[in-house]
Structures are given as structure tokens and as C-alpha cells.
Amino acid sequence: MSVIAQVHTLVPRHAHSVPAPQVVHADAAKLRVAGISKRYGDSFALRESNLDIQTGEFVTLLGPSGSGKTTLLMMIAGLVTPTAGDIWIDGRAATRQQPYERDVGMMFQSYALFPHMTVGENIAFPLKMKGASKESIRKAVNEVLEQIKLPSLRNRFPGELSGGQQQRVALARSIVHRPSVVLMDEPLAALDKSLRTHMQLEIRQLQQALGITVLYVTHDQEEAMTMSDRICLMNEARIEQVAAPAELYFSPRSVFAAGFLGESNTLEGVIESIEGETALVRHADTVLRGRLMNDACVGARCRLMVRPEALTVSDGPWVALGNVIDAHVTSQVIGGALARTVMRARTGVEVVATRLTARSGARPQGDVRVSFAEEDSLVFGEAS
Ligand code: ADP
Ligand code: MG
């Protein structure tokens, strides 16, 4: 548990209104969201949620449309009032602060640049609001223009810039005043794929070089995987799991998480026995071994999930890995770097395997044996 210290600001005796005590977290995370929720009428846009972000971290809220990502971000920005819970920015209570009092920078999908101001004036805006001196503004704007590699565009107007350039200016404006946390809501969603990929790397490099703390929102799993130190996966107004990208991919804690990131084959069955962290699953007439991912009991119905790239397909008697199911190849597709083999298992379920394409690669045909390792099989039991 964190220690909370109450620091009372000194107030002159004659003051009519006494400001609320300033509450400071001793072990300050850069951003802390504690028990926060938002309800509209009878429905929750966000159920009670907790999240801590450390200095210099890049954390992404990832989830389907309507899962509550923007609501959470807007509450941190101060643009939506929480139904319950608290927000701490750099150890200071921010829940009741106005948006402009919070030490945050913001960047959104719509460029939201002021059309009548030049690039330089747009970027200077947050500093002007803070009352910075002319000289320090000039210095900070020059520095950030170098960082986003657009020094020559200082005197242009937003209407004279490409979409990518506009987003870069918006990025500069969100960081120029060195906020504690930069909030970004789908900032690249309007850009085409190649520019988006380019900007993802650029934002990530700048964030790392400057040690900025970012809370980013996207519904694009690839973008989240590419950019983040940690991903906060959201679904139906809840945080499902918070983990580093690789951990979320290889050790999802729910069927939703396993299904949302990447592709999975799903085999249904019943947990026949449990040996430590291993579940033995009866799937038709075979028993498959996998990692038990929740606290399900023997006898529970379950899903065994395994990634397409974890499957080895053999059309001989030879099998590579511990779990084996018999199947029949129904189609093969080369989709670029990956080749997909679609099969019908003897138990009726469709199974997909992927592997790297190779010019001379032998393709399994007809009846095959599909094998996969216990470590790659994730078992999710249903609550009884
Ligand atoms: P996301 O950003 O993940 O797509 P949002 O946070 O925008 O999701 O929305 C979460 C849920 O809250 C949605 O069901 C949405 O319809 C609802 N919601 C958001 N804003 C409002 C509002 N002002 N009034 C009523 N419902 C809202
Ligand atoms: Mg949104």
C-alpha cells in the first residue's frame, strides 16, 4: 500500500475560502488512477478501475470500440467528471482540478491545430497559457521543432501542411511544456497505413529519447504491440489485463485477451485432471495437455487455445510435439511472409496453422497430424 501524506498549504488568516489540502503520494507513480468509474444513467462507460503508470513509461489502452478507453483518458484530462474514484498526477491529487491546472499534454485524432495560427504559434500556445517569457518560449519552440524534424515549417499555417506534418505539429504542441503525462487518443487513426507505421516509430523514439510518460489509446492491436512498454487491455467497461506486449500475447489471462490479440485456435473440452499448473483436457477421444490459466476445477468445461504459429503439421507418421490431433488439409494460402494451412480436425473443428513461406517448402497434403507443445496450449476453464 502506498503512504499518503497530507500537506496543508499555508493560508493567510484573512483568506475567505480555505483551499482544500493538497494531498501528495509519497511513492508517487507518474500517473495513478484509483477506483475510478463513470456511469451515464444506468450504464457504465467505465467500471471501477485502477492503473499506475511510472515515469518514462509508454502505456496503451487497447480494446474494441466502446470499451471505455476515451472515457478513461478524458477523466484523466479533466474533460469528463468521474462518478467515483481519484486521479493523481505526479503525486498530486488532480481529481478536482480544472483541465488547464492538470500537468498533462494532449494529442487527438483530429489535428485540432488553430487554423489562424502559424506552426510556431500553435506550438507556443501551451507555454503562453502558462505565462512563460517570450525568450523561453522561442527557445522551447525551436528545440521541439528540431526534435520533430520540422524547423523549416515554423511560419506556415496548418492548412499548408500534409496530414502527417499536422500530426507532428500536434505532437510538438503536446510535449513543448514538458507535461508530467502526455495523453494521446488514437492520434494516428486518420493517417494511411505507411505513414501511420512511420509515425508510430517516430512517436516511440521521441518518447524514449526525451523520457516522456505517455498514455496512448488505440483499438489497433499491432499499433499497441509496436509502441508500448505495457498494454492495458479493456473490454466492456473493464480493464481485462495490464501487461507487457509479449506477456499479453503469450500469457493472456482470459479467453477475451487470447482472442483479441493475434489469432488463436480454440478446442473445446472438459478438464479431466489437474497436475500442478497443467490441465489435462479431454477433447473428443484425445487428451491434450495445456497450461491452466485460471482457477477452474476438474470436471469444468474449458477451452484450449493455441496460436496458429505454434502448430506443426506433418503428413507422415512423425510428430514433433507432445499434443497430437488428426486432421485433413482443406486449403493452403500464401499470404506473403506467412503461409496458412487450413484443416478440419477429425473431431470436426477447423484448425489453422501458419509458418514462414519458403520457395521450396513442402506443403502437407491430405491426412495430417497436427502437433503442439503443452507450453503453447492455454486452458481456460469455465466457472462452475
Ligand atoms: P472507446 O473510446 O473505448 O471506444 P468510450 O469511452 O468512448 O469507448 O465509450 C464507452 C461507453 O460509454 C460507450 O458505450 C459509449 O456509448 C458510452 N458513452 C461515452 N460517452 C457517453 C456520454 N457522454 N453519454 C452517454 N454514454 C456515453
Ligand atoms: Mg474512443
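Q: Give a description of the sheet that holds strand E20 (residues 350-356) that names residues and reports values.
A: Read from one edge of the open sheet, five strands run E17-E21-E18-E19-E20, paired in antiparallel fashion. Two strands bound the open sheet, and with one partner strand each, they are strand E17 (312-314) and E20. Going across the sheet, the axis of each strand differs from the next one's by a mean of 45°, ignoring polarity. One ladder, built from seven bridges, connects strand E19 (residues 338-345) with E20; its direction is antiparallel.

Q: Before we move on, can you summarise the site of ligand 1 with the specific residues and values?
A: Taken together, the neighbourhood of ligand 1 is formed by Tyr40, Ala45, Pro64, Ser65, Gly66, Ser67, Gly68, Lys69, Thr70 and Thr71. Gly66 is positioned such that a nitrogen or oxygen atom in its backbone is 2.7 Å from an oxygen atom of ligand 1. Separating an oxygen atom of ligand 1 from a side-chain N or O atom of Thr70 is a distance of 2.8 Å. Protein chains shield 54% of the accessible area of ligand 1, which is 560 Å² for the free molecule. Considering each element in turn, the shell around ligand 1 owes the most residues, three residues, to helix H1 (residues 69-77). For the shell around ligand 1, a count of residues per class yields three nonpolar, six polar and one charged.

Q: Just give me the short version of the side chain of Gln207, but keep the residues and values in it.
A: Its location among the elements puts Gln207 in helix H5 (residues 193-210). Of note is the side chain of Gln207, whose polar atom sits 2.8 Å from the side chain of Arg204.

Q: Before we move on, could you go through the pairing of strand E12 (residues 238-243) and cite the residues and values that matter?
A: With five bridges joining them, strand E11 (residues 230-235) and E12 adopt antiparallel strand pairing. Opposite Met234, over in E12, you have Ile239 as the bridge partner. Where E11 folds back on E12, the antiparallel hairpin that results is connected by two residues, among which Glu236 adopts a positive phi of roughly 45°.

Q: Quick one: what's the story with empty space enclosed by the protein, residue by residue and with numbers?
A: As enumerated under the stated definition, the model contains two cavities of 30 Å³ or more in all. Approximately 50 Å³ is the volume found for the largest cavity. Split into classes, the residues belonging to the lining of the largest cavity amount to two nonpolar, two polar and three charged. Within this model, the second largest cavity holds a volume of roughly 40 Å³. Around the second largest cavity sit Leu171, Ile175, Val182, Met184, Ile203, Leu206, Gln207, Ile212 and Val214, which together line it.

Q: Can you break down the layout of surface pockets residue by residue, with the values?
A: There is about 610 Å³ of room inside the largest pocket. Val104, Met106, Phe125, Pro126 and His177 are, among the 22 residues lining the largest pocket, the residues nearest its centre. Sorting the residues of the lining of the largest pocket by element identifies strand E8 (104-108), helix H2 (119-129) and helix H4 (163-175) as the ones contributing at least two each. Top contributing element to the lining of the largest pocket by residue count: E8, with five residues.

Q: So, the packing of aromatic side chains: which residues are in play, and what are the values?
A: On inspection of all chains with the given rule, the structure shows four aromatic pairs. Aromatic pair Phe58 and Tyr216: ring centres 5.4 Å apart, planes at 40°, arrangement tilted. Here the residue Phe58 occupies a position in strand E5 (residues 58-62), and Tyr216 occupies one in strand E10 (residues 214-218), the gap between them amounting to 158 residues. Tyr216 carries the same exposure label as Phe58, and that label is buried. Between Tyr249 and Phe250, the ring centres sit 5.1 Å apart and the planes meet at 85°, which makes this aromatic pair edge-to-face. Residue Tyr249 is classed as buried on the basis of its relative accessible area, which comes to 16%. Since its relative accessible area comes to 51%, Phe250 is described here as exposed. Residue placement shows Arg173 over the ring face of Phe114; its charged tip is 5.3 Å from the ring centre. Its end group placed over the ring of Tyr249, Arg307 keeps NZ or CZ at 3.9 Å from the ring centre.

Q: Kindly report on the domain arrangement of the protein chain, identifying the contributing residues and their values.
A: Examined at the domain level, the protein chain breaks down into domain 1 (3-250) and domain 2 (263-381). When each unit is reduced to the centre of its C-alpha atoms, the spacing between domain 1 and domain 2 is 41 Å.

Q: Please set out the nonpolar core residue by residue, giving values where relevant.
A: If you look at the biggest cluster of nonpolar residues, it comprises 32 residues, and the most contacted ones within it are Ile123 and Met184. Of all the elements in the fold, those that place two or more residues in this core are H2, helix H3 (134-147), H4, strand E9 (181-185), H5 and E10. Looking at this core element by element, the count peaks at five residues for H4. When near neighbours in sequence (up to four residues on either side) are disregarded, Ile123 contacts Val141, Val144, Leu145, Val169, Ala172, Arg173 and Val176.

Q: Let's hear about the environment of Leu248: which residues, and what values?
A: Note that Leu248 resides in helix H7 (residues 245-250). Counting along the chain gives 62 residues from Leu248 to Glu186, while the straight-line C-alpha distance between them is 21 Å. Sequence-distant contacts of Leu248, defined by excluding residues within four places in its chain, comprise Ile231, Leu233, Gln241, Ala243 and Leu261.

Q: Explain the environment of Ala244 to me, using residue names and the numbers behind them.
A: Within the secondary structure layout, Ala244 lies in the loop between E12 and H7. Classification of Ala244 as partly exposed rests on a relative accessible area of 30%. With residues near it in sequence (within four places) discarded, Ala244 still touches Asp229 and Arg230.

Cut-offs applied
Residues numbered from 1 in each chain as written. Chains lettered and ligands numbered in written order. Predicted model: local features only at pLDDT ≥ 70, side-chain atom pairs only at ≥ 80, totals over all residues. Heavy atoms only, no water. Pairing = 2+ DSSP bridges. Helix = DSSP H or I, 4+ residues; strand = E, 2+ residues; numbered from the N terminus. Axes fitted to C-alpha atoms, helices over the stretch in contact; angles between N-to-C directions. Near = heavy atom within 4 Å. Polar contact = N/O pair within 3.5 Å; in protein donor to acceptor, adjacent residues only side chain to side chain. Areas by Shrake-Rupley, 256 points an atom, 1.4 Å probe, with all protein chains shown as cover. Nonpolar A, V, L, I, M, F, W, Y, C, P; charged D, E, K, R; others polar. 1 Å grid on protein atoms, 1.4 Å probe; cavity = no way out; pocket = protein on both sides within 12 Å on 5 of 7 lines; lining within 4 Å. Points joined across faces, edges and corners; volume = space filled by probe spheres on them. Phe/Tyr/Trp six-rings, centres within 6.5 Å; stacked < 30°, edge-to-face > 60°. Buried < 20%, exposed > 50% of the residue type's maximum accessible area, 1.4 Å probe, protein only. Lys NZ or Arg CZ within 6 Å of the ring centre and 35° of its normal. Domains from an automatic or database assignment. Core = buried A, V, L, I, M, F, W, Y, C linked by side-chain atoms within 4.5 Å. Contact = heavy atoms within 4.5 Å.

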